[in-house]
Amino acid sequence: MPEALAFFRGNVVPLADAKVNVMTHAMHYGTAVFEGIRGNWNEDHGKIMIFRMREHYVRFLQGCRMMMLDIPYSADDLCEITTDLVAKCGYREDLYIRPLAYKSAERVANLKLHELASDFTLIVNPFGAYIDAEGAIRCCTSSWRRIDDTIIPPRVKISGHYVNSILAKTEAVLAGFDEAIMLTQDGNVSEGSGENLFMVSNGVVHTPPVADNNLVGITRDSAITLAKRELGLDIVERNIRRSELYLADEVFLTGTAAHVTPVGELDSRPIGEGGIGPVTRQIMDKYLDVIRGNDPDYADWCTAVPLESW
Ligand code: PMP
């Protein structure tokens, strides 16, 4: 049977035993860095396909550098720890893999990163759809602005900066929308609360530059690659204003959890025809095929994990 396990303090332990003290620094201040990685169940091969795992760990280690989180593992070590844990858990369904490096020092009232011990933990959870909506989703422009690089570096996944995303997502859902789109302090479109954003206008795909404070998304990179290579489309990275989204032919969001999600409506205005546009549809279909390990051209994006038998 599948077993809920965690990698904790250097060992694989039952998830229920992976516990920290309430004095843990990260719990008080969000001094941690995490990743969200998907393991996609491939029924035909009887394997979990982990999508772009190494790229996730490269970004993870960049975040660790920024937050002075010293952990004794390289990207290769982290990949090995992950495949081992996924194999041991034995889930035969889609997974969300969550590594976390955190300031583990049991000290409060200390704001000096360099004085605080760090640790690493990893958990694996069964995970289906992230956004609870069929087809194209309804978004609003958030009243919360996206954090700026001058405040907390937004390009990596620092736990504390997710308060910004959480405020935006909560506001959107309580107001009856599926997702929030956040603007920079200057009013440029940045991204969704947990997704990068793309806009299609007159057959050209546009996306905001990373300098507009979005996360350097791995799905963003995958969508850009697929749009160029598979569909022969031009991608333009440039500042996008809110009103351009109202007039776009298509808007879609990308993220590990959200995959490629079409946006059908923004601030109660339909985008294009209000459904799933043709460019979005093609990128979405290709992406969903690729992440399950069904396309040999993108085999190097997937790490196949054979499961231990039970
Ligand atoms: N932006 C934010 C704020 C996110 O949390 C995520 C999800 N990790 C993304 C964008 C998409 O990034 P990725 O495609 O690497 O999952």
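All of these numbers come straight from a predicted model, not from anything done at the bench.

1. Structural notes on the pairing of strand β4 (residues 37-42)
Piece 1. By the criterion of burial, β4 is predominantly enclosed, with 6 of the 6 residues buried.
Piece 2. Neither face of β4 is exposed, since Ile37, Gly39 and Trp41 on one face and Arg38, Asn40 and Asn42 on the opposite face are all buried.
Piece 3. Relative to strand β6 (residues 95-103), β4 is paired through 3 bridges, and the arrangement is antiparallel. Bridged to Arg38 within β6 is Tyr96.
Piece 4. Of the pairings in the sheet, the one linking β4 to strand β5 (residues 47-51) comprises 4 bridges and is antiparallel in character. Bridge pairing in β5 links Trp41 to Ile48.

2. As for empty space enclosed by the protein
Piece 1. Taken as a whole and judged by the stated rule, the model has 1 cavity of 30 Å³ or more.
Piece 2. Taken as a whole, the largest cavity holds about 30 Å³ of empty space.
Piece 3. A class-by-class count of the residues in the lining of the largest cavity yields 3 nonpolar, 3 polar and 1 charged.
Piece 4. Summarising the domain contributions, the lining of the largest cavity has at least three residues from each of domain 1 (5-126) and domain 2 (137-276).

3. Brief notes about helix α3 (residues 75-89)
Piece 1. Under the 1.5 Å per step criterion, the end-to-end length of α3 is 21 Å for 15 residues, consistent within 8% with the ideal 21 Å.
Piece 2. When α3 is considered as a whole, its buried residues turn out to be Ala75, Leu78, Cys79, Ile81, Thr82, Leu85, Val86, Ala87 and Cys89.
Piece 3. A positive backbone phi angle near 75° is found at Gly90, which sits one or two residues after α3.

4. Topic: the pattern of salt bridges
Piece 1. In total, this model carries 15 salt bridges according to the counting rule given.
Piece 2. The partner of Glu35 in a salt bridge is Arg59, and the shortest N-O contact between them spans 2.7 Å. On the criterion of sequence distance, the pair formed by Glu35 in the loop between β3 (32-34) and β4 and Arg59 in helix α2 (residues 53-66) is long-range, its members being 24 residues apart. The same class applies to Glu35 and to Arg59, which are both buried.
Piece 3. Note that Arg238 is salt-bridged to Glu244, the shortest N-O span being 2.7 Å.
Piece 4. Among the residues examined, Arg238 registers a relative accessible area of 28% and is labelled partly exposed.
Piece 5. According to the relative accessible area criterion, Glu244 is partly exposed, its value standing at 23%.

5. Some words on the domain arrangement of the chain
Piece 1. Domain assignment breaks the chain into domain 1 (5-126) and domain 2 (137-276).
Piece 2. Taken together, the contact pairs 18 residues of domain 1 with 17 residues of domain 2.
Piece 3. Taking both sides of the interface into account, the surface hidden between domain 1 and domain 2 amounts to around 1,500 Å²; carbon and sulfur atoms contribute 65%.
Piece 4. On the domain 1 side of the contact with domain 2, Phe34, Arg38 and Arg59 bury the most area, a combined 42% of that side's loss.
Piece 5. Across the contact surface, domain 1 and domain 2 share 1 salt bridge.

6. Points about unusual backbone geometry
Piece 1. A positive phi angle, near 50°, is found at Arg9, a position not held by glycine.
Piece 2. Of note, Arg9 is situated in the loop between β1 (5-8) and β2 (11-14).
Piece 3. At Met68, a residue that is not glycine, the phi angle is positive and equals roughly 50°.
Piece 4. Relative to the helices and strands, Met68 resides in the loop between α2 and α3.

7. Describing the environment of Gly30
Piece 1. Assignment of secondary structure puts Gly30 in the loop between α1 (25-29) and β3.
Piece 2. As for Gly30 and Lys103, which are separated by 73 residues in sequence, their C-alpha atoms are 8.7 Å apart.
Piece 3. Aside from chain neighbours lying at most four places away, what touches Gly30 is Ile158, Ser159 and Gly160.

8. Digging into the packing of helix α5 (residues 218-229) against helix α7 (residues 278-291)
Piece 1. One way to put it is that α5 packs onto α7 with a least axis distance of 10 Å and a crossing angle of 115°. For the element pair α5 / α7, the angle class is roughly perpendicular. As α5 packs across α7, the resulting crossing turns out to be right-handed. Between α5, through Thr219, Ser222, Ala223, Leu226 and Ala227, and α7, the contact on the second element is made entirely by Ile283, Lys286, Tyr287 and Val290.
Piece 2. Its residues assigned to classes, the contact of α5 with α7 comprises 6 nonpolar, 2 polar and 1 charged.

About the cut-offs
Residues numbered from 1 in each chain as written. Predicted model: local features only at pLDDT ≥ 70, side-chain atom pairs only at ≥ 80, totals over all residues. Heavy atoms only, no water. Buried < 20%, exposed > 50% of the residue type's maximum accessible area, 1.4 Å probe, protein only. Helix = DSSP H or I, 4+ residues; strand = E, 2+ residues; numbered from the N terminus. Pairing = 2+ DSSP bridges. 1 Å grid on protein atoms, 1.4 Å probe; cavity = no way out; pocket = protein on both sides within 12 Å on 5 of 7 lines; lining within 4 Å. Points joined across faces, edges and corners; volume = space filled by probe spheres on them. Nonpolar A, V, L, I, M, F, W, Y, C, P; charged D, E, K, R; others polar. Domains from an automatic or database assignment. Expected span 1.5 Å × (residues − 1). Salt bridge = Lys/Arg side-chain N within 4 Å of Asp/Glu carboxyl O. Contact = heavy atoms within 4.5 Å. Buried area = accessible area lost by both parts, 1.4 Å probe. Axes fitted to C-alpha atoms, helices over the stretch in contact; angles between N-to-C directions. Parallel < 35°, antiparallel > 145°, perpendicular 65-115°, else oblique. Left-handed = near helix turned anticlockwise from the far one by under 90°.

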